[in-house]
Amino acid sequence: MANLGRILIVLVLGEETEDQVMSEVHKNAPVMAGENCDDQRAMNSEIALCLSGGGYRAMLFHLGALLRLNEFGYLPKLNRISSVSGGSITAGVLGLHWKNLEFDKNGVAGNLMEEVIEPVRALARVDIDGPAIAKGVLWFGSVSDRVEGAYDKHLFDGATLQDLPEEPRFVINATNLQSRSLFRFSRPYIWDWRVGKIANPQVKLARAVAASSAFPPFLSPCEMEFDVSDWVAGSGAELEIPEYRKKVILTDGGVYDNLGLETAWKSSGTILVSDGGGETPADPEPDTDWARQTKRVLDLVDYQVRSLRKRQLIAAYERGDKKGSYWGMRTTLTDYKAPNLLPADESKTIVLANTPTRLTDTPDHLQERIINWGYAVSDAAMRAWVDATLPDPGGRFPFAGSVG
């Protein structure tokens, strides 16, 4: 199982080395190449923020990163926010409220807490996944429909992709189970490079986020129906046919790309990655019943794919191909050589990283610890690897206490 991600690559692509496989990913990945169909913005001039999946845990962790990036005046510098799964909840709220943010001359939004942080924290007090699964199984309507309804009720209030800003570009990513490709939602279009593109989509923002966070097996799939005439002729590849355009069957964006890297990789020279993903711990006696074993296998696949993506990213930083920094739930803070780091005991941050990947009521004290951790580690990463002149946080966390 430790090499499950490698085994899957070999099964699909044959007996190639991991380095060869990843080289081909860099060179030929269709989503990257697809950026050529975008608006031809200058290559590598953008700054992108990628928000990973991980349920409410990741959603809250990313809030801490947003708070620190805001203090640095970095939010207006972002050209693209690419998200998957739990990260898409945070991104969706940030995108919807972007027009209301009041940036001062230093690029700091004084009302970020009211516009973004507090609404997301309010959602974190709501049980979504348990009731959605129960009602979706016992009553009419899918589980994904129930999740969408909860998102719309508590966060988005009928908003569509057209309510996102033109700049920065928000890209909410799901995985197309039919085409095996990334399916991305944005204001100018929704797109699967093999199936095609729908321009200026009127899809509800809650639906896009529900598709992106349709964790398998319980919250997946998310089915969407379209008219064949909705699709732009000639915008797809070999799957530009009605069978793939009338009904699209989607699952969690993290199945394809659990760091949200793909849609930022080619266009962005600076990539900031906030990783709120957990890790499947070693277990000498893993469950063998089909349900819990299936969940563990899915967790292991996620872990291996995430590791490959992370290695791809770090290697690009080291070669100088990309600028930026990575920070994660399981990062050791002292690995970042920046002065005046906030106190964050690894034994306590690991406990936070092991918070279950759920959409379930999270107590305020745990919310604040996770947000504080996202704030502390993003501070260290930005000052160590992006700009050493950025001010330190003065020993203060956003919320009272620390990560303990």
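Preceding this section is the structure that the text describes.
The shown structure was predicted, so the numbers you read here are calculated from the model rather than taken from an experiment.

(A) Structural context of unusual backbone geometry. Here Glu-167 and Pro-168 are connected by a cis peptide whose omega angle stands at -5°. Within the element layout of this structure, Pro-168 appears in the loop between helix H8 (143-156) and strand E3 (169-176). In the segment running from Ser-220 into Pro-221, the intervening peptide bond is cis, with an omega of 5°. Checked against the element boundaries, Pro-221 lands in the loop between helix H9 (205-212) and strand E7 (222-225). Positive phi is not limited to glycine here, since Arg-180 has a value of about 65°. Within the fold, Arg-180 resides in the loop between E3 and strand E4 (181-185). The exposure class of Arg-180 is exposed, given its relative accessible area of 63%.

(B) Seen up close, the side chain of Asp-252. Examined against the element boundaries, Asp-252 turns out to sit in strand E8 (residues 247-252). Judged by its relative accessible area of 5%, Asp-252 falls in the buried class. Here Ser-85 takes part through its side chain, which lies 2.7 Å from a polar atom of the side chain of Asp-252. Among the polar contacts listed, one links the side chain of Asp-252 to the backbone nitrogen of Gly-254, at a separation of 2.5 Å. If near-sequence neighbours (up to four positions away) are discounted, Asp-252 is found in contact with Ser-85, Ala-174, Thr-175, Ala-211, Ser-212, Ser-213, Ala-214, Phe-215 and Pro-216.

(C) Main features of the packing of helix H4 (residues 55-71) against helix H6 (residues 112-123). Where H4 meets H6, the closest approach of the two axes is 10 Å, and the angle between their N-to-C directions is 170°. By the angle class used here, H4 and H6 are roughly antiparallel. Of the two elements, H4 crosses H6, and the hand of that crossing is left-handed. When H4 is examined against H6, the residues Tyr-56, Met-59, Leu-60, Leu-63, Leu-66, Leu-67 and Asn-70 are found in contact with a partner set consisting of Leu-112, Met-113, Val-116, Ile-117, Val-120, Arg-121 and Leu-123. Split into classes, the residues belonging to the contact of H4 with H6 amount to 12 nonpolar, one polar and one charged.

(D) Broad picture of the layout of surface pockets. Considering only enclosed or pocket space, the second largest pocket measures out at about 320 Å³ in volume. Every residue lining the second largest pocket is counted, 15 residues in all, and those nearest its centre are Ile-314, Tyr-317, Ser-325, Tyr-336 and Trp-385. Elements with a contribution of two residues or more to the lining of the second largest pocket: helix H12 (290-319) and strand E10 (323-328).

(E) Examining H6 more closely. Here H6 contains 12 residues, and its C-alpha end-to-end distance of 16 Å stays within 8% of the 16 Å for a straight helix at 1.5 Å per residue. For H6, the complete set of buried residues consists of Leu-112, Glu-115, Val-116, Ile-117, Val-120, Arg-121 and Leu-123. Looking at the packing, one finds that the buried side of H6 touches H4, helix H5 (86-97), H8 and helix H14 (364-386).

(F) Quick look at the pattern of salt bridges. Counted by the stated rule, this structure contains 18 salt bridges. Between Asp-145 and Arg-207 there is a salt bridge whose closest N-O contact spans 2.9 Å. A residue pair is termed long-range when its members are at least 10 positions apart, and Asp-145 in helix H8 and Arg-207 in helix H9 qualify at 62 residues. Residue Arg-207 is classed as buried on the basis of its relative accessible area of 11%. Residues participating in the shared-partner salt-bridge network are Arg-68, Glu-71, Asp-379 and Arg-383.

(G) Focus on the packing of H4 against H14. Where H4 contacts H14, the axes come no closer than 7 Å and their chain directions differ by 50°. Viewed along their axes, H4 and H14 adopt a mutual orientation that is oblique. Pair H4 / H14 crosses with right-handed handedness. Taken together, the residues of H14 that come into contact with H4 (itself represented by Arg-57, Leu-60, Phe-61, Leu-63, Gly-64, Ala-65, Leu-67, Arg-68, Leu-69 and Glu-71) are Gln-367, Ile-370, Ile-371, Trp-373, Gly-374, Tyr-375, Val-377, Ser-378, Asp-379 and Met-382.

(H) Inspection of the pairing of E4 at higher detail. Counting buried residues in E4 gives five out of five residues, a clear majority hidden from the surface. The pairing of E3 with E4 spans five bridges and is antiparallel. What sits directly across from Asn-176, in E4, is Ser-181. The hairpin formed by E3 and E4 contains four residues between the paired strands, and Arg-180 there has a positive phi angle of roughly 65°. For E4 and strand E5 (residues 189-192), the ladder comprises two bridges, and the chain directions are antiparallel. Bridging across to E5, Arg-184 finds its partner in Trp-191. Hairpin connection from E4 to E5: three residues lie between these consecutive antiparallel strands.

(I) Quick peek at the nonpolar core. Counting 103 residues, the largest nonpolar core has Tyr-151, Phe-185, Trp-327 and Trp-373 as its most contacted members. With 10 residues, H14 is the single largest residue contributor to this core. Excluding residues within four positions of it along the chain, Trp-327 makes contact with Leu-49, Phe-61, Ala-65, Leu-272, Val-273, Ser-274, Asp-275, Tyr-336, Val-377, Ser-378, Ala-381 and Met-382.

Here is what the cut-offs are and how they apply
- Residues numbered from 1 in each chain as written.
- Predicted model: local features only at pLDDT ≥ 70, side-chain atom pairs only at ≥ 80, totals over all residues.
- Heavy atoms only, no water.
- Helix = DSSP H or I, 4+ residues; strand = E, 2+ residues; numbered from the N terminus.
- Buried < 20%, exposed > 50% of the residue type's maximum accessible area, 1.4 Å probe, protein only.
- Polar contact = N/O pair within 3.5 Å; in protein donor to acceptor, adjacent residues only side chain to side chain.
- Contact = heavy atoms within 4.5 Å.
- Axes fitted to C-alpha atoms, helices over the stretch in contact; angles between N-to-C directions.
- Parallel < 35°, antiparallel > 145°, perpendicular 65-115°, else oblique.
- Left-handed = near helix turned anticlockwise from the far one by under 90°.
- Nonpolar A, V, L, I, M, F, W, Y, C, P; charged D, E, K, R; others polar.
- 1 Å grid on protein atoms, 1.4 Å probe; cavity = no way out; pocket = protein on both sides within 12 Å on 5 of 7 lines; lining within 4 Å.
- Points joined across faces, edges and corners; volume = space filled by probe spheres on them.
- Expected span 1.5 Å × (residues − 1).
- Salt bridge = Lys/Arg side-chain N within 4 Å of Asp/Glu carboxyl O.
- Pairing = 2+ DSSP bridges.
- Core = buried A, V, L, I, M, F, W, Y, C linked by side-chain atoms within 4.5 Å.

Don't take any of this as a statement about function, it's just geometry.
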